[in-house]
Amino acid sequence: MGQYHKVYNVDKREYIEPHNINNGLKLVEQIGGEHTSSTALFLLLANSNGRGGGDVEEHEFIGRWAGDRIVVQGDYAEPGDPGYIFNPEEYIDISSDVDHMLKITMEA
């Protein structure tokens, strides 16, 4: 089966559910390509979009996570792992907004 991963923002207590952005759940399925968790994370962390050629179309979620603590955690994670998320059920799923951001930025 394999281990399924989610991307968590520790500071904002938000996460990305990969299936909700039409992505696979395994780590290898979330890297590369345009509509993936890795692309979403890169855009969420960007702190200077819109200031030069080659930037993407503006969206309110671009840069939303800039400067925050981020953890990619699989369902086989254990409490001794660095950055372990102890209460993932308390985090808010922002996947629908992230999916919208990816669609807007990848169309341009």
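In case you missed it, the structure is sitting above this.
The present account deals with the structure reproduced in this document. On a predicted model such as this, the values are computed, not experimentally measured, just so you know. (Residues numbered from 1 in each chain as written. Predicted model: local features only at pLDDT ≥ 70, side-chain atom pairs only at ≥ 80, totals over all residues. Heavy atoms only, no water.)

## Notes on the packing of aromatic side chains
In total, this model carries 3 aromatic pairs according to the counting rule given. Look at Y8 and Y15: their rings are 5.8 Å apart centre to centre, the planes differ by 35°, and that puts the pair in the tilted class. A ring pair is formed by Y8 and Y91, whose centres lie 5.4 Å apart and whose planes are at 85°; its orientation type is edge-to-face. Separated by 83 residues along the polypeptide, Y8 in strand β1 (residues 5-9) and Y91 in the loop between β3 (70-74) and β4 (92-93) bring together distant segments of the chain. (Phe/Tyr/Trp six-rings, centres within 6.5 Å; stacked < 30°, edge-to-face > 60°. Helix = DSSP H or I, 4+ residues; strand = E, 2+ residues; numbered from the N terminus.)

## What about the nonpolar core?
Residues I16, L44, W65, V98 and M101 are the most contacted members of the largest nonpolar core, which totals 14 residues. Residue assignment for this core shows that the elements contributing at least two residues are α1 (37-45) and α2 (95-107). The dominant element in this core, judged by the number of residues it contributes, is α1, at 4 residues. V98 has contacts with I16, I21, A40, L44 and F61, leaving out every residue within four places of it along the chain. (Core = buried A, V, L, I, M, F, W, Y, C linked by side-chain atoms within 4.5 Å. Buried < 20%, exposed > 50% of the residue type's maximum accessible area, 1.4 Å probe, protein only. Contact = heavy atoms within 4.5 Å.)

## Let's talk about the side chain of H59
Structurally, H59 can be placed in the loop between α1 and β3. Given the relative accessible area of 12%, H59 is considered buried. In terms of polar contacts, H59 uses its side chain to reach the backbone amide nitrogen of F61, at 3.0 Å. When near neighbours in sequence (up to four residues on either side) are disregarded, H59 contacts D97, H100, M101 and I104. (Polar contact = N/O pair within 3.5 Å; in protein donor to acceptor, adjacent residues only side chain to side chain.)

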